[in-house]
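Secondary and tertiary structure notes
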Amino acid sequence: MSLHLLRLGDDALVLGQRLCQWITRAPTVDEDLALSNIALDLIGHARALFTRAGALDGTGRTEDDFAYARSDREFTNALLTELPNGDFATTVARQLAYTHYAVLFYEALAHSADTELAAFGSRAAKEVAFHRMHADRWTVTLGRGTEESARRMRHGLERVWPYTGELFEEDAVLRRLAASGTAPSPAPLYETWLWQVTAVVAEAGLTAPTPTWSARGGRAGLHTEEFGPLVAELQSVRRQFPGGTW
Amino acid sequence: MSGSAQAEVRLSAPEVRERVGALPDPELPVIGLGDLGVVGAVAPGADGVLEVEITPTYLGCPALPEITAAVREVLIACGHPEGRVRQVLAPPWTTDRITREGRRKLAAHGIAPPASPAPDGAVPVELAGVPCPRCGSRATRPHSPFGPSRCQSVLWCTACREPFPHMTAL
């Protein structure tokens, strides 16, 4: 169980960290606020998931231990969440893919047999639904904007789409959890997800890509080239001031 | 409940609850934690230690550690140094938990409060925009769904031509 909570927490933390890189660089001040607010929510989700994971695995590790005292290889986030921001349209495409998946997953988690996880799921689903609204709106705005914004949105979708399959991967851990009613398997959510994102992309006047390959490895700790610097940045303060608290 | 602790003044659970409720919210100091609806039950746990339940507004609310520390100080001041703060996620916090007094205070400080909960659970229908806390006009429109803090969005008043924060209904 704690293994799976770590994966979810890693998804939220890594994507939150990526979004933080937009601060002071977003296209407008409003967008700066939007992306940092979304990042804040995600980091909040990660904290709750890490705390629970540490309590469950018997090691007593804290949220800080998980975020700051693990190596690159120990992070089990889906590769989608660590993809570089690219231009704004690529970030929007990444948000579109993640938020539609996360709402579906957390809504399913709200029915978990574990009451604490269920409470977390229903709460997190509401928050991510707000992020989804933001992603949907931008996808349509850029798709229906100028020729250039539509081109970039199309490029963004093509860039991130090969990484979406990994979100719905099922393994022995997930099958066991699903069987016990503790956590839903993401695999059956894929059809709904595809239908939803396709509808948004169509409203934007674009077509959802059909990738010829699918990235995997994140859940096993195998990451992209760009992941090292991200973790280094995330952990830099803790490395300079070991044991520091803030 | 050791013998020595009995000598101290120990305030009752309702008294502690009142003091915790009066604490200002770190992000919205105009409103107390009680009026914001984040304070749950204040009662002794299974081991007899006084517990204060806190329901976070948002999971990533950056004020949570501050709130927890402030509640702990109240517990100590009230003669419950061993008291605990417990985060409760179910049922989740919604803006319906903000009291009438809380809504009044928000409006008085230029933050448009979220729509009031309907008394019988019916969905309130808003025929016009959120009223501007400055001039009262309902000729307002959304500007940015994300505002100065996680629970606020920004609206635009077309009458007085000023933006204003609105506590997002949740």
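Cut-offs applied
Residues numbered from 1 in each chain as written. Chains lettered and ligands numbered in written order. Predicted model: local features only at pLDDT ≥ 70, side-chain atom pairs only at ≥ 80, totals over all residues. Heavy atoms only, no water. Contact = heavy atoms within 4.5 Å. Buried area = accessible area lost by both parts, 1.4 Å probe. Salt bridge = Lys/Arg side-chain N within 4 Å of Asp/Glu carboxyl O. Nonpolar A, V, L, I, M, F, W, Y, C, P; charged D, E, K, R; others polar. Helix = DSSP H or I, 4+ residues; strand = E, 2+ residues; numbered from the N terminus. Buried < 20%, exposed > 50% of the residue type's maximum accessible area, 1.4 Å probe, protein only. Axes fitted to C-alpha atoms, helices over the stretch in contact; angles between N-to-C directions. Parallel < 35°, antiparallel > 145°, perpendicular 65-115°, else oblique. Left-handed = near helix turned anticlockwise from the far one by under 90°. Domains from an automatic or database assignment. Polar contact = N/O pair within 3.5 Å; in protein donor to acceptor, adjacent residues only side chain to side chain.

The subject of this paragraph is the interface of chain B and chain A. Listed by partner, the interface residues are 20 residues for chain B and 21 residues for chain A. Each partner contributes to the roughly 1,800 Å² buried at the junction of chain B and chain A, and carbon and sulfur atoms together form 65% of this total. It is Leu 59, Phe 146 and Arg 150 of chain B that lose the most area in chain B upon contact with chain A, and together they represent 42% of the buried surface on that side. Inspection of the region where chain B meets chain A yields one salt bridge. Asp 41 of chain A is the salt-bridge partner of Arg 150 of chain B, the closest N and O atoms lying 2.4 Å from each other. Looking at the side of chain B that touches chain A residue by residue, the classes come out as eleven nonpolar, eight polar and one charged.

Glancing now at the environment of Ala 150 of chain A. All names here are of chain A. Mapped onto the fold, Ala 150 is located in helix H6 (residues 147-160). Judged by its relative accessible area of 8%, Ala 150 is buried. A C-alpha to C-alpha distance of 24 Å links Ala 150 and Trp 213, two positions 63 residues apart in sequence. Ignoring any residue separated from it by four or fewer positions in sequence, one finds Ala 150 in contact with Leu 142, Gly 143 and Leu 206.

A separate point is the packing of helix H1 (residues 2-20) of chain A against helix H2 (residues 29-56) of chain A. All names here are of chain A. One can describe the packing of H1 onto H2 by two numbers: an axis separation of 8 Å at closest approach and a directional angle of 155°. With respect to H2, the axis of H1 lies roughly antiparallel. At the point where H1 passes H2, the crossing takes the left-handed sense. Contacts between H1 and H2 involve Ser 2, Leu 5, Leu 6, Leu 8, Gly 9, Asp 10, Ala 12, Leu 13, Leu 15, Gly 16, Leu 19 and Cys 20 on the former and, on the latter, Leu 35, Ile 38, Ala 39, Leu 42, Ile 43, His 45, Ala 46, Leu 49, Phe 50, Arg 52, Ala 53 and Leu 56. Taken together, the residues of the contact of H1 with H2 break down into 18 nonpolar, four polar and two charged.

Looking now at the pattern of salt bridges. With the rule as written, the count across this model stands at 22 salt bridges over all chains. Notably, a salt bridge pairs Arg 70 of chain A with Asp 10 of chain A, separated by 2.6 Å at the nearest N-O pair. Residue Arg 70 of chain A is located in the loop between helix H3 (63-68) and helix H4 (88-109), and its partner Asp 10 of chain A is located in helix H1; the two are separated by 60 residues in the primary sequence. Pair check on accessibility: Arg 70 of chain A and Asp 10 of chain A agree, each one buried. Put simply, Arg 123 of chain A and Glu 127 of chain A hold a salt bridge, and the shortest N to O gap is 3.1 Å. Note that Arg 123 of chain A and Glu 127 of chain A are positioned in helix H5 (residues 115-143) at a spacing of four residues, about one turn of the helix. By sharing partners, the salt bridges in this structure join Asp 47, Glu 51, Glu 53, Arg 84 and Arg 86 of chain B into a single network.

Residues and elements named next belong to chain B. The domain architecture assigned to chain B consists of domain 1 (13-95) and domain 2 (129-169). Using only C-alpha atoms to locate each centre, domain 1 and domain 2 end up separated by 29 Å. Regarding the contact of domain 1 and domain 2, the summed buried area is about 600 Å², with carbon and sulfur atoms giving 72% of it. A per-residue breakdown of the area domain 1 buries against domain 2 is headed by Leu 28, Tyr 58 and Thr 95, which together make up 72% of the total. Summed over the shared surface of domain 1 and domain 2, the number is zero salt bridges. One can count zero residue pairs in polar contact (both at pLDDT 80 or more) joining domain 1 with domain 2. Split by residue class, the side of domain 1 that touches domain 2 holds four nonpolar, one polar and one charged.

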